[in-house]
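Overview (structure and organization)
Residue-level listing of the chains:
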Amino acid sequence: MYGADPQNKHPMAGFPQICFIKNTVTNPNIIIGDYTYYDDPEDSENFERNVLYHFPFVGDQLIIGKFCALARGVKFIMNGANHKMNGFSTYPFEIFGNGWETVRSPPEAYPYKGNTVIGHDVWIGYEAVIMPGVKIGHGAIVAAKSVVVRDVPPYAIVGGNPAQVIRQRFSDEIIEALLAIAWWNWDIAKITRHLDKITAADLAALQDCD
């Protein structure tokens, strides 16, 4: 046995609030890794409702790695939320037409922050908000109700509004070693054999896994 079936929407029998959302997301611009789950007692399968202002004509992607834990109410604000800021008013007059379309601007005139990318083994807490184009590194933790407006380093803990680094989970040397090991890219049989090392804090033992 090699753990939960990544193709099973609800891998915990009798507990539908946990959902492996790779199996429920249909938007091609939302890419989810294996074993990443969303925890929501109301409707765990409908994770896409938490990805806001994600318009297909903008073309940005939300990319979430493997083995991530996403708490209830996490929100991802995408680039479609942005208004122009290079004029005196940010109001989108042009979308209402009836003579106001004369100030319509090309798409490139709007702020664009790029894709939002969440690494592997990331834990995002209750009702956190991730802003457009943010990159969250592998192994990071985002505290509940944080608003993340800038990139988060690997294995950092961030919190607040705007979110700030509270501390690193490990030393720079250990973080560098963990990123080199990249256990999340091992095949699932190897992961299963070495769960005790992955969930412990003995770097030498993890490095010796075969």
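Residues numbered from 1 in each chain as written. Predicted model: local features only at pLDDT ≥ 70, side-chain atom pairs only at ≥ 80, totals over all residues. Heavy atoms only, no water.

Here the focus is the sheet that holds strand 11 (residues 135-136). If you trace the four strands from one edge of the open sheet to the other, you get 2-5-8-11, paired in parallel fashion. Both edges of this open sheet fall to strand 2 (30-32) and strand 11, since each of them pairs with a single strand only. Bridge count between strand 5 (residues 62-64) and strand 8 (residues 116-118): three bridges; the pairing is parallel. When the sheet's bridge partners are listed, Ile 63 is paired in strand 8 with Val 117. (Pairing = 2+ DSSP bridges. Helix = DSSP H or I, 4+ residues; strand = E, 2+ residues; numbered from the N terminus.)

Pairing geometry for strand 14 (residues 156-160) and strand 15 (residues 163-168), over five bridges, is antiparallel. Note on strand 15: the bridge partner recorded for Gly 159 is Gln 164. Between the antiparallel neighbours strand 14 and strand 15 lie two residues.

It is worth spelling out helix 1 (residues 172-181) at this point. Given 3.6 residues per turn, any residue in an α-helix points the same way as the ones three and four places further on. Turning to helix 1, its buried residues number three or more, namely Ile 175, Ala 177, Leu 178 and Ile 181. Seen end-on, helix 1 carries its buried residues on one side only, within an arc spanning 165°. The exposed residues of helix 1 that point more than 90 degrees off its buried face are Asp 172, Glu 173, Glu 176 and Ala 180. Buried-residue contacts for helix 1 involve strand 15 and helix 4 (203-207). (Buried < 20%, exposed > 50% of the residue type's maximum accessible area, 1.4 Å probe, protein only. Arc of directions from axis to C-beta. Contact = heavy atoms within 4.5 Å.)

Here the focus is unusual backbone geometry. The omega torsion across Asn 161 and Pro 162 is -5°, close enough to zero to call that bond cis. Structurally, the position occupied by Pro 162 is in the loop between strand 14 and strand 15. Phi at Asp 121 takes a positive value of approximately 60°, unusual for a residue other than glycine. By the secondary structure assignment, Asp 121 is in the loop between strand 8 and strand 9 (123-124). One non-glycine residue, Glu 127, lies in positive phi territory at about 60°. Relative to the elements of secondary structure, Glu 127 occurs in the loop between strand 9 and strand 10 (129-130). For Glu 127, a relative accessible area of 33% puts it in the partly exposed group.

Turning to the packing of aromatic side chains, a few remarks are in order. All chains considered together, the criterion is met by twelve aromatic pairs. Relative to Trp 183, the ring of Phe 67 has its centre 5.1 Å away and its plane inclined at 55°; by these criteria the two rings are tilted. In this pair, Phe 67 sits in the loop between strand 5 and strand 6 (69-70) while Trp 183 sits in the loop between helix 1 and helix 2 (188-193), placing the two residues 116 residues apart along the sequence. Ring geometry for Tyr 91 versus Phe 93: centroids 4.8 Å apart, planes at 65°, classification edge-to-face. What makes Tyr 91 partly exposed here is its relative accessible area of 44%. Of note, Lys 84 hangs over the ring of Tyr 110, and the distance from its end group to the ring centre comes to 5.8 Å. Sitting over the face of the ring of Trp 186, Lys 190 holds its NZ or CZ atom 4.2 Å from the ring centroid. (Phe/Tyr/Trp six-rings, centres within 6.5 Å; stacked < 30°, edge-to-face > 60°. Lys NZ or Arg CZ within 6 Å of the ring centre and 35° of its normal.)

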